[in-house]
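# Geometric and topological summary
Chain by chain, the residues run as shown.
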Amino acid sequence: MAEQTGGDPLFESHDPIFDRKELLHVGHVPDEDRIVGRDDEIQSVAAEVGAITRGDPPNNVMIYGKTGTGKSLISRHVATRAQDAAQGNDIDCGVLYVDCSEANTETRTTRQLALSLKEQTEYQQNIPLRGVGTMEYYQHIWSILGDCFDAVIVILDEIDKLDNSNVLMQLSRAREARKTDAYIGVIGISNKVQYRETLDERIDSSFGHRELFFHPYDASQLREIMRNREDAFQPAVLEDGTIELCAALAAKKHGDARKAIEILKEAGELARRIGSETVSEDHIQQAQEVAEINRIEELTSGATVHAKLALYALASCIITGERETYKTREVYERYVGICELVATDPITENGLYRQLKEQAFLGVIESEKTGGGRSQGSYLLHRLVTDPKHIVKAVRRDTSLEELPTYDRLRETSPSTGNRDIDLTSFS
Ligand SMILES: Nc1ncnc2c1ncn2[C@@H]1O[C@H](COP(=O)(O)OP(=O)(O)O)[C@@H](O)[C@H]1O
Ligand SMILES: [Mg+2]
């Protein structure tokens, strides 16, 4: 495809790999006919907020599901369609979207709500960016809603990152408290199902809401999602089997469509960097490894050294042992040995247990309670949600931990005999 060069051949460029790379950008919202396998979810979200299009009060809804299961996409898609349908019935319906991982306080969220309402209307009053409190932003919100809208759909994405739930309470009580006549429908989105319990503690019955759960995609859905974006690449650049492999890898991990698309893009960039004319299965494999290590590093970036050592300990148990799951006690014993390697004082077993639980919350490990019978009591079994190799690499990227044995080093000490009591100090 010819590209814009401004007529100067010096800037003429032909991308041998990508044609419409924007189709692979994270924030890209695909057309309706590129959305795959979410018909039921679209229907369900529509059923909750759809009353707005008939001039009736909507339900609030919370959407839970792992990352890359289409929560943000489907919410925006349905909200926009509801807005159009409302318009057809002469109902002024606004759509507001806030990413609470950025706007993570009540002030930031209300400021963004007020500003995007202003943007969508002729509202004349100045809304200060700083120096004013939450109350003032609410004032603007209520008055714009009152002046310009019959209804509004508010999408609060990654709502678990919000430091309190006042916004939810204010929005759900607004009509009752006579702040505004507009109907307000909230779509809350959380990647963490655990947030559900926190939410119940935080809010009262005025935020009556339905709950929806989005499930990970299977390999065939991921394939179709990527097929629908194949035109991001130049013709014949993707080798046979690459999309299948990419889908299989993403399905095996988390059924995460975002990861699948990212891997595809990363593989394309890799191919372009090394001057390859096509994207091969090997490029996909490499891209997937890099992506996974980056993901883990990102997830654990805020974690303490002990949390990282705990993860490393579990990974090393899995690499050198024969099982996929280990008890807290076993991980702890390994962890103590590892602390010696990096000359760090170990924390207590109970402390380590809490670190492991924290990691489970981050989605890096899974912990499962196992009943040990009446007399034995129950205990937790921990497993990694990813390849232990990637954990080792990600943890060793922390400069204070780069002395830890590499994956290959751990492999070497792994006895095929299944001897799990390796003296970790032996390869320091
Ligand atoms: N059903 C789908 N059909 C097509 N693309 C999808 C689908 N679900 C997700 N995607 C794409 O995958 C990426 C992640 O989706 P997103 O909605 O951001 O997931 P979540 O909010 O659950 O983390 C986006 O680029 C999105 O366009
Ligand atoms: Mg999202």
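Keep in mind it's a predicted model, so treat the numbers as computed, not measured.

## Side note on the side chain of D256
With respect to the helices, strands and loops of the structure, D256 is situated in the loop between α8 (242-253) and α9 (257-273). One buried charged residue, D256, remains without a salt bridge, the closest side chain of opposite sign being R258 at 5.3 Å. For D256, the side chain forms a polar contact with the side chain of T67, separated by 3.3 Å. There is a polar contact of 2.8 Å between the side chain of D256 and the backbone nitrogen of R258. D256 has contacts with T67, G68, L222 and A250, leaving out every residue within four places of it along the chain.

## Quick look at the sheet that holds strand β7 (residues 365-370)
Ordered by their spatial adjacency, three strands build an open sheet running β6-β8-β7, and the pairing between neighbours is antiparallel. Where the open sheet ends on each side, the last strands, each with one partner, are β6 (326-327) and β7. Note that β6 and strand β8 (residues 379-384) share two bridges and pair antiparallel. From the neighbouring strand, K327 faces β8, where its bridge partner is L381.

## Digging into the site of ligand 1
Near ligand 1 there are 21 residues, and of these V36, G68, K71, S72 and Y217 occur at the shortest range. The side chain of K71 places a nitrogen or oxygen atom 2.7 Å from an oxygen atom of ligand 1. Protein burial of ligand 1: of its 550 Å² of free accessible surface, 96% is covered by the chains. Elements represented by at least two residues in the shell around ligand 1 include exactly α2 (71-88) and α9. Among the residues forming the shell around ligand 1, the class breakdown is nine nonpolar, six polar and six charged.

## Section: the sheet that holds strand β1 (residues 60-65)
In a beta sheet, neighbouring strands pair by backbone hydrogen bonds and run either parallel or antiparallel. What the five strands build is an open sheet, ordered β2-β3-β4-β1-β5; its pairing is parallel. Where the open sheet ends on each side, the last strands, each with one partner, are β2 (93-99) and β5 (209-214). Strand-to-strand twist in this sheet, taken as the mean axis angle between neighbours without regard to direction, amounts to 15°. Pairing between β1 and β5: six bridges, direction parallel. Residue N60 lies in a different strand from β5, and its bridge partner there is H209. Together, β2 and β3 (151-157) form the strand contacts of helix α3 (residues 106-119), whose direction differs from that of β2 by roughly 145°.

## Examining the nonpolar core
Within the largest apolar cluster, 35 residues are counted, with the highest numbers of intra-cluster contacts made by I141, W142, L145, V154, L156, L168 and I184. Elements that contribute at least two residues to this core include exactly β1, β2, α3, α4 (134-148), β3, α5 (166-173), β4 (183-190) and α6 (195-202). Broken down by element, the residue count for this core peaks at six residues, all from α4. Ignoring anything within four residues of it in the chain, the contact list for L168 reads L156, I159, V186, L199, I203 and F207. Counting residues in each nonpolar core, the second largest holds 31 residues, with L311, I338, L352 and V392 among its members.

## What to know about the domain arrangement of the chain
Splitting the chain by domain gives domain 1 (38-214), domain 2 (217-298) and domain 3 (302-427). Inter-centroid distance (C-alpha atoms) of domain 1 to domain 3 is 41 Å.

## Section: the pairing of β1
The buried fraction of β1 amounts to six of the six residues, a majority that puts the element mostly inside the structure. Judged by which residues are buried, β1 turns out to be covered on both faces: N60, M62 and Y64 on one side and V61, I63 and G65 on the other are all buried. Sheet analysis places β1 next to β4, joined by four bridges and oriented parallel. The partner of Y64 across the bridge, within β4, is S190.

## Overview of the packing of aromatic side chains
According to the stated counting rule, one finds four aromatic pairs in the structure shown. For the ring pair Y138 and W142, a centre distance of 5.7 Å and an interplane angle of 15° mean the geometry is stacked. With a gap of four residues between them, Y138 and W142 both fall in helix α4, about one helical turn apart. The exposure classification of Y138 matches that of W142, with both residues buried. If you follow R76 out to its NZ or CZ, it ends over the ring of Y97, 3.8 Å from the centre. In this arrangement the basic side chain of K327 is found over the ring face of Y379, its NZ or CZ atom lying 4.6 Å from the centre.

## As for the packing of helix α1 (residues 39-49) against α2
Between two packed helices, what matters for the description is the angle formed by their axes and the separation of those axes. Axis separation between α1 and α2 bottoms out at 10 Å; the angle between their running directions is 50°. Relative to α2, α1 is oriented oblique. The element α1 and its partner α2 pack so that their crossing is right-handed. For the pair α1 and α2, the contacting residues are E41, I42, V45, A46 and V49 in the first and I74, H77 and V78 in the second.

Thresholds, definitions, all that
Residues numbered from 1 in each chain as written. Chains lettered and ligands numbered in written order. Predicted model: local features only at pLDDT ≥ 70, side-chain atom pairs only at ≥ 80, totals over all residues. Heavy atoms only, no water. Helix = DSSP H or I, 4+ residues; strand = E, 2+ residues; numbered from the N terminus. Buried < 20%, exposed > 50% of the residue type's maximum accessible area, 1.4 Å probe, protein only. Lys, Arg positive; Asp, Glu negative; His and termini not counted. Salt bridge = Lys/Arg side-chain N within 4 Å of Asp/Glu carboxyl O. Polar contact = N/O pair within 3.5 Å; in protein donor to acceptor, adjacent residues only side chain to side chain. Contact = heavy atoms within 4.5 Å. Pairing = 2+ DSSP bridges. Near = heavy atom within 4 Å. Areas by Shrake-Rupley, 256 points an atom, 1.4 Å probe, with all protein chains shown as cover. Nonpolar A, V, L, I, M, F, W, Y, C, P; charged D, E, K, R; others polar. Axes fitted to C-alpha atoms, helices over the stretch in contact; angles between N-to-C directions. Core = buried A, V, L, I, M, F, W, Y, C linked by side-chain atoms within 4.5 Å. Domains from an automatic or database assignment. Phe/Tyr/Trp six-rings, centres within 6.5 Å; stacked < 30°, edge-to-face > 60°. Lys NZ or Arg CZ within 6 Å of the ring centre and 35° of its normal. Parallel < 35°, antiparallel > 145°, perpendicular 65-115°, else oblique. Left-handed = near helix turned anticlockwise from the far one by under 90°.

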